[in-house]
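Each chain, letter by letter, is given below.
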Amino acid sequence: RSTAGSLGDLPIIVLAREHGGYGDDLDLSAEQLEVARKKGQADLAALSSRGKLQFVTGGHDIEMDNPKAVVDAIRELVTASRKK
């Protein structure tokens, strides 16, 4: 695996909303947009060998809609960082 565009083994958690919420009034179908969104989120998580993608309930503003998920992810990252 190339190290270009890599975060090495830095622990990261990508929080993404469960559902994209796309309408059918766009140039691409909601299904196509959802596939692209999930791939993009997975690609971000894959930048680190310790990366993790976590889908959570809520909308685009996860920190407002699901603050517990954000707090839990931060705690998990602090713990993971201390173990290294």
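One structure accompanies this document, and this report is about it. (Residues numbered from 1 in each chain as written. Predicted model: local features only at pLDDT ≥ 70, side-chain atom pairs only at ≥ 80, totals over all residues. Heavy atoms only, no water.)

### Comments concerning the environment of Leu 10
Counted only if it meets this: Secondary structure follows DSSP: runs of H or I at least 4 residues long count as helices, runs of E at least 2 residues long count as strands, and numbering of each begins at the N terminus. Throughout, exposure labels follow a simple rule: accessible area from a 1.4 Å probe, protein chains only, divided by the maximum for the residue type, with under 20% read as buried, over 50% as exposed, and the rest as partly exposed.
Within the fold, Leu 10 resides in the segment before β1 (12-17). Overall, Leu 10 belongs to the partly exposed group, its relative accessible area being 45%. For the pair Leu 10 and Asp 61, spaced 51 residues apart in the sequence, the C-alpha separation amounts to 24 Å.

### Considering the pattern of salt bridges
The line we're drawing: Every case where a carboxyl oxygen of Asp or Glu lies within 4 Å of a side-chain nitrogen of Lys or Arg is listed as a salt bridge.
Taken as a whole, this structure holds five salt bridges when the rule is applied. The salt bridge involving Arg 37 is made with Glu 34; its shortest N-O contact spans 2.7 Å. Linking Arg 37 with Glu 34, this pair stays in helix α1 (residues 30-45), spanning three residues, or about one helical turn. Salt-bridge contacts for Glu 34 lead to Lys 38; the nearest nitrogen and oxygen are separated by 3.8 Å. Within this pair, Glu 34 and its partner Lys 38 are both found in helix α1, separated by four residues, close to a single helical turn.

### Things to note about the environment of Ile 62
Using the following cut-off: Whether two residues are in contact is decided by their heavy atoms: any pair within 4.5 Å suffices.
Within the element layout of this structure, Ile 62 appears in helix α2 (residues 62-65). With a relative accessible area of 9%, Ile 62 lands in the buried category. Separated by 20 residues in the primary sequence, Ile 62 and Ala 42 place their C-alpha atoms 17 Å from one another. Contact partners of Ile 62, with chain neighbours within four places excluded, come to Leu 15, Ala 16, Arg 17, Val 56, Pro 67 and Val 70.

From the geometry alone we can't say anything about function, so treat these as descriptive.
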